[in-house]
Every structure is written in C-alpha cells, then in structure tokens.
Amino acid sequence: MDIEKKTRAYALKNALAHEGKAMQGPVISSLFNEGLKKSDVGKYAKKISEIIMEVNSLSQEEKEKQFKKLEKEVSERQEREGLEELPDSGKGVVMRFRPAPSGPLHIGHIISNMICSLYVKKYGGKFYVIIDDTDPETTLPEAYKDIPKDCNWLFGNVSEYLISSDRIKLYYDYVEKLIKKDSAYVCECSSEDFKKFAEAKKNCPCRKFSVEKNLERWKNMLDKSGFKEGEAVLRFKSDMKHKNPAMRDFPLARINETEHPRQKNKYRVWPLMNLAVAVDDMELKMTHIIRGKDHRDNAERQKMIFEIFKKKFPWTFFIGRMKFTDMILSKRKITEAIKSGEFSGTEDVRLPTIASLRKRGYKPEAFAKLVEQRGLTEVDKVIDSKELFRLLDYFNK
RNA sequence: GCCCCGUUAGUCUAGAGGCCAAGGACACAGCCCUUUCAAGGCUGAAACCCGGGUUCGAAUCCCGGACGGGGCACCA
C-alpha cells in the first residue's frame, strides 16, 4: 500500500466532507481498513499529520481537483442490512417456538418469536412449533387448532407441529436417566419448607436418598396409590449453595390429577417447563434459540440438564421484550375478559391478538418488517398502541 | 434479601476503539407534486443516563452510581 497516496486521498475526502478541514482520527481509521497495521501508526503519524495539514491548506477548487485524481483510492464503508448473521448457521438452523396453550397468541409473541421463523427462512433448516401443554390446569382445548392456524398464517414456514403432552413417555425416560445419574431426586418437602432450605443454603432431607430409593419414590409419584397430588415433586440436583437462589435444586416434574383436555386422565405426573424444554431441545437437535429475556434463568437451568447428558447447549440469545403501556398482553387476562363478555372473542379488534390483527387487515409481512427492524436486541422498549399501529400501518403498505 | 440483564432523538434502531463532526426508519414541522385523499420527492428540528478510569483517541473497553427490567413456583 502506498501510505502517502492513500492518506492524501482520505484526507481530501474527509476535508471535502467537512468544510475543508480534515481530521487525523477519521483518516487514520480509514487507513486501518486499507491494511495499515496498528503498531505502525507511530511510524507514520508524523507523515500523516503533515499530509493532512497540507491538504487543509489547499483551496476548495484544488482539493476537488486533486480528489478527482485520487478518487479510486478510497473505498466506501460497507453497510449491513437485514437480519444480523447468526454464528454457525452455514448448514441451516433448527429453531423452535413453544407457545403455552393458555390463551390466544398475541402481538407480544410475534415480537419475541417471529425472528426464529425469519432466521429459518434465511438459512434453511427446521422450524418447530411445540404446543407446551404440560399444565393440565391452564391448557385450553381450542389452542390445538388456534395455534396452528395463527402460526401457519403468520410464519408460513413451520416444519412440524409437536405437542408436549404427546411426548410424556420421552420425558419419563429422561427422568429415569437423570435419577440413575444421581442428578434428580423426589422431594417431599412442602414448597414453603423447601424455600427455607434454599434460602439457608441447606440440603433438604430428601436429597440424601440413594439412586435405588429415588427410582422407587419416582414409581410412587407415577402410581395412583403412591404419593398424592402436592405430596412429592421431582427436583434436579444442582447445588443448594448455588450463588443464584433461582438455580438451587429447581423442580422438574409434579403430580397434578386435573383432567387434561387432550390426554384426559392418562397421566398424573407432568413435566415442568425446564425438563420438557431441555429434553426436546436435545432430542430435536436445536441449534439456535432466541427467546425472551425473562427466560434467562430458565436457560441456565436447561443448560445444567444438557451438561448431565454431555450435550452442547444451543447458541442462545435473549431478546428484549416490548412492553405496551395500554394493551392487555396476559393470555390469562385476555381469556378471562373474553369469558366475562368484555370482548366478543379472540378476534375482537380491541385485542392485540393475532386473530384480531389478521381480521384488521394486517399482513404477516408487516410483522416481519417490524421484527426485522428491531432485530437482535436485549433492550426492552416501552411503546403504546398508537406508536405500534403507526409502525404496522407503515409496514403494511 | 440474593442472582441476572439493560440504558443512543417522541418511538424503533445502526454502532464490535479511530471512515461518528453519531447513520437509517416511523412520527413531527415546512416546501414540492396532486382537483381531493393516499403515495412520492426535498428540507428541517431532534439522541450517546451520570461520574471516574484506561488510551494519542471512548457511544464503543473497565470501575462506581442512578434509573429501568427479569428471575428466586408443584406456571410457561
């Protein structure tokens, strides 16, 4: 590289862009992109400074004339556009969205999950939608048709729909493996008692049982004549002295005999989210996970489970959440309000549900642009519905 | 109480130590175009939370503070 020539070119460019006065910083910075070594800056600093001073003293016409001659020496800064690249995405990506079937899908879900669909479109691979119906108390029967309907419309690239409660046997297999690895135990403490142990960083009495005893106690959880609902819970054996209280022997499964809308009374022991998610992510070979910041600690728990099985944890990003100052975004509250007659149904135009937004004429592409503009960011933002609809209206054109 | 995380214009965002004297989009103001509306074009106003430190040089790295968010469930 001809340092002097390049310096002169960039100094002229910089001067012309800034009322005739070039500065050293930007010029040196440009030279780095041309291959100047950082360690060599000292060597050339004097020369560069001289050239800049000389350039600055030229007349406007002279600057323009000289720059014309050297124009081809300068390269333009390259601009990125579209979605930020994901690491290790060369062979495609496997990603997922796990809606809980406890109420209608709404704008909040779009914001934090559509980006997964977009990345699968970008790189190829698989996009799973997994209906997370492992809580028999909050699972709504209509979700089994509403979720695929909304997701087909919104994403258009769902590879496969899976239902957690159809995979219970798989979760049970993993429970046995975890117990056999002495990484899970059945705990009979009440939640209040356990909380006290966790706060005091002390082991609960159930922690000391042998693997054999725990397998037996696990059978007692599964057996109708064994533990009753609320009497026992399966816990992951992490560390009761973990510095983060959220990580101390968190629960993996519990007994709940409420009739399940899909499985009826087939099961009484239900996995909790962290178990189901970890198992599915291992089994389905998830490569990348993008999810809300509120799941940061859950991801840490799932990672602990991965480590027991010596599996590599997927690349994970925690995306910031959008908070709406004037819209209900709680699935439970939306469901209640519809039941009470406050709203006519999930398609009520006053609701931020996907069904309602579709009815109002918004196209999936508008949401995609909204999500793309936001991109991968950990920042939460507060926005009101007026701002949101301004943006959507703009993107919908 | 204990663990995480974040902070760029009214809003969303670019930004990986020097092409940032901070770019883009929406919204806003003005003008042009148009019979009207919409769309489009041009122009304008508008931001790096605060304080230290490292460095020749900090929006960017480090430390502290303030503010905001999340987690510590037999919910997800």
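This is a predicted model, so every value here is computed, not measured.

Caption draft 1: Region of interest: the overall build of chain A. If you tally the helices and strands in chain A, you get 15 helices and eleven strands. Taking 397 residues into account, the globule formula puts the C-alpha radius of gyration at 21 Å, and chain A, at 29 Å, lies well above it. By principal-axis analysis of the C-alpha atoms, chain A measures approximately 95 × 55 × 40 Å. A buried classification covers 50% of the 397 residues belonging to chain A. For chain A, restricting intrachain contacts to residue pairs at least 6 apart in sequence, the fraction spanning at least 24 positions comes to 74%. Total accessible area computed for chain A in this model is approximately 20800 Å², and 49% of it derives from carbon and sulfur atoms. Averaging the positions of the 77 positive and the 62 negative side-chain charges in chain A gives two centres separated by 2 Å.

Caption draft 2: Just the nonpolar core, in detail. One finds Ile110, Met114, Tyr119, Ile290, Phe367 and Leu388 to be the most contacted residues of the largest nonpolar core, which totals 47 residues. The element best represented in this core is helix α5 (residues 107-123), accounting for ten residues. The contact partners of Tyr119, leaving out residues within four places of it in the chain, are Leu83, Glu84, Leu86, Val93, Met95, Gly124, Ile290 and Leu376. Grouped together as the second largest cluster of nonpolar side chains are 38 residues, Tyr171, Met247, Phe250 and Ile255 included.

Caption draft 3: Quick peek at the pattern of salt bridges. On inspection of all chains with the given rule, the structure shows 22 salt bridges. With its nearest N and O atoms 3.2 Å apart, the salt bridge here joins Glu85 to Lys122. With Glu85 in the loop between α4 (60-70) and β1 (93-97) and Lys122 in helix α5, the pair connects residues that are 37 residues apart, well separated along the chain. Classification of Glu85 as exposed rests on a relative accessible area of 51%. The closest approach of N and O atoms between Asp132 and Arg98, which form a salt bridge, is 2.7 Å. Highlighted residues: Asp132 in the loop between β2 (125-131) and α6 (143-154) and Arg98 in the loop between β1 and α5, separated in sequence by 34 residues. The pair Asp132 / Arg98 is uniform in exposure class, with both members buried. What you see here is one network of salt bridges that share partners, running through Arg98, Asp132, Arg167 and Asp280.

Caption draft 4: Up close: the environment of Lys285. With respect to the helices and strands, the residue Lys285 is situated in the loop between α10 (273-283) and β8 (288-292). Its relative accessible area of 60% is what places Lys285 among the exposed residues. The contacts of Lys285, once residues within four sequence positions are left out, are Val94 and Asp280.

Caption draft 5: Quick peek at the domain arrangement of chain A. Domain annotation of chain A identifies domain 1 (3-73) and domain 2 (185-271). Using C-alpha coordinates to define each centre, domain 1 is positioned 69 Å away from domain 2.

Caption draft 6: Region of the structure containing the sheet that holds strand β6 (residues 251-255). An order of β4-β5-β6-β7 is seen for the four strands of this open sheet, with the pairing classed as antiparallel. Edge positions in the open sheet fall to β4 (184-187) and β7 (269-271), since each of these has one partner strand only. Here the average twist between neighbouring strands, direction ignored, is 25°. Pairing analysis gives three bridges linking strand β5 (residues 233-236) to β6, with the strands arranged antiparallel. Paired with Arg235 across the bridge in β6 is Pro251.

Cut-offs used in this document
- Residues numbered from 1 in each chain as written.
- Chains lettered and ligands numbered in written order.
- Predicted model: local features only at pLDDT ≥ 70, side-chain atom pairs only at ≥ 80, totals over all residues.
- Heavy atoms only, no water.
- Helix = DSSP H or I, 4+ residues; strand = E, 2+ residues; numbered from the N terminus.
- Rg over C-alpha atoms; globule rule 2.2 N^0.38 Å.
- Buried < 20%, exposed > 50% of the residue type's maximum accessible area, 1.4 Å probe, protein only.
- Contact = heavy atoms within 4.5 Å.
- Areas by Shrake-Rupley, 256 points an atom, 1.4 Å probe, with all protein chains shown as cover.
- Lys, Arg positive; Asp, Glu negative; His and termini not counted.
- Charge placed at Lys NZ, Arg CZ, Asp CG, Glu CD.
- Core = buried A, V, L, I, M, F, W, Y, C linked by side-chain atoms within 4.5 Å.
- Salt bridge = Lys/Arg side-chain N within 4 Å of Asp/Glu carboxyl O.
- Domains from an automatic or database assignment.
- Pairing = 2+ DSSP bridges.
- Axes fitted to C-alpha atoms, helices over the stretch in contact; angles between N-to-C directions.

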